[in-house]
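In case you want the letters, here they are:
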Amino acid sequence: SFAAAGAWTDARTGLIPDELVIAAGATAAITAAATDQLAAFAIGAAIMGLPLLVLHIISPSAMGFGDVKLGLALGGTIGIIEPRLGVVALACASACAVVVGLVTRRRAIPFGPALVLGSVIVVFGAAPLIDLLTGGPSPWQ
């Protein structure tokens, strides 16, 4: 996946290449358009990307803009399933980053890998999470 390749690059270099983020976002946007899910894509992207953007604006050294763009692409992808899962993915990503920081005792770690891991956790756990959010059975079961 383009997002995973971006996360791998971020882990090695501290930067997420724009080409990979654009490819990930474009792939998800095309899928959303083909399935008439553009609104869900946009809502998911906003839910996951806007908190990262706010953090980037407040402290650019704490959150890089590549992380913001990756969050938008992953949030849009998750939004196709269920937009509200973006919040859960962001929480999972943050928890993963905190654990890595505590274990490695580093104050600064690349957030791209955590974003991808949090998104993967949510996608694979989507059915029960959707049940929790909506109070009913998931169409993904």
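Worth saying up front: this structure is predicted, and the values here are computed from it rather than measured. (Residues numbered from 1 in each chain as written. Predicted model: local features only at pLDDT ≥ 70, side-chain atom pairs only at ≥ 80, totals over all residues. Heavy atoms only, no water.)

## Looking at the layout of surface pockets
- By volume, the largest pocket amounts to about 550 Å³.
- If you trace the largest pocket, you find 23 residues lining it, with Ala62, Ala108, Ile109, Pro110 and Phe111 closest to the centre.
- Taken together, the elements giving at least two residues each to the lining of the largest pocket come down to helix 4 (65-81) and helix 5 (85-104).
- A breakdown of the residues in the lining of the largest pocket according to their chemical character gives 13 nonpolar, six polar and four charged.
- In this structure, the second largest pocket occupies an estimated 350 Å³ of space.
- Every residue lining the second largest pocket is counted, 18 residues in all, and those nearest its centre are Ser1, Ala3, Ala24, Leu74 and Thr77.
- For the lining of the second largest pocket, the elements supplying multiple residues, two or more each, are helix 1 (2-13), helix 2 (18-34), helix 4 and helix 6 (112-124). (1 Å grid on protein atoms, 1.4 Å probe; cavity = no way out; pocket = protein on both sides within 12 Å on 5 of 7 lines; lining within 4 Å. Points joined across faces, edges and corners; volume = space filled by probe spheres on them. Helix = DSSP H or I, 4+ residues; strand = E, 2+ residues; numbered from the N terminus. Nonpolar A, V, L, I, M, F, W, Y, C, P; charged D, E, K, R; others polar.)

## Considering the confidence of the model for the protein
- On average, the protein scores 91 in pLDDT, and the residues at 70 or more come to 96%.
- Model confidence for the protein, summarised as mean pLDDT per element, is weakest for helix 7 (residues 126-134) at 73 and strongest for helix 3 (residues 38-58) at 97. (pLDDT = per-residue confidence, 0-100.)

## Concerning helix 3
- Counted at 1.5 Å a residue, the expected span for helix 3 with its 21 residues is 30 Å, and the 29 Å between its end C-alpha atoms agrees.
- Within helix 3, burial applies to Ala40, Phe41, Gly44, Ala45, Met48, Gly49, Leu52 and His56.
- Those residues of helix 3 that are buried lie in contact with helix 2, helix 4, helix 5 and helix 6. (Expected span 1.5 Å × (residues − 1). Buried < 20%, exposed > 50% of the residue type's maximum accessible area, 1.4 Å probe, protein only. Contact = heavy atoms within 4.5 Å.)

## Side note on unusual backbone geometry
- With a phi angle near 60 degrees, Asp36 is a residue other than glycine that sits in the positive phi range.
- By the secondary structure assignment, Asp36 is in the loop between helix 2 and helix 3.

## Regarding the nonpolar core
- By size, the foremost hydrophobic cluster in this structure holds 26 residues, and its most contacted members are Met48, Leu52, Leu70, Leu74, Phe111 and Leu115.
- Sort the elements by how many residues they give to this core and helix 5 lands first, with six residues.
- Those residues in contact with Phe111 that lie beyond four places of it in its chain are Asp10, Leu52, Met63, Asp67, Ala93, Ser94 and Ala97. (Core = buried A, V, L, I, M, F, W, Y, C linked by side-chain atoms within 4.5 Å.)

## Overview of the side chain of Glu82
- With respect to the helices and strands, Glu82 occurs in the loop between helix 4 and helix 5.
- Owing to a relative accessible area of 13%, Glu82 belongs among the buried residues under this scheme.
- Setting aside residues up to four positions removed in sequence, Glu82 forms contacts with Ile130, Leu133 and Thr134.

## Remarks on the environment of Gly6
- Within the element layout of this structure, Gly6 appears in helix 1.
- Gly6 gets classed as buried once you look at its relative accessible area, which sits at 1%.
- Expressed as a C-alpha distance, the spacing of Gly6 and Ala24, which sit 18 residues apart in the sequence, is 9.2 Å.
- Beyond its immediate sequence surroundings of up to four residues, Gly6 is in contact with Leu15, Ile16, Pro17 and Leu20.

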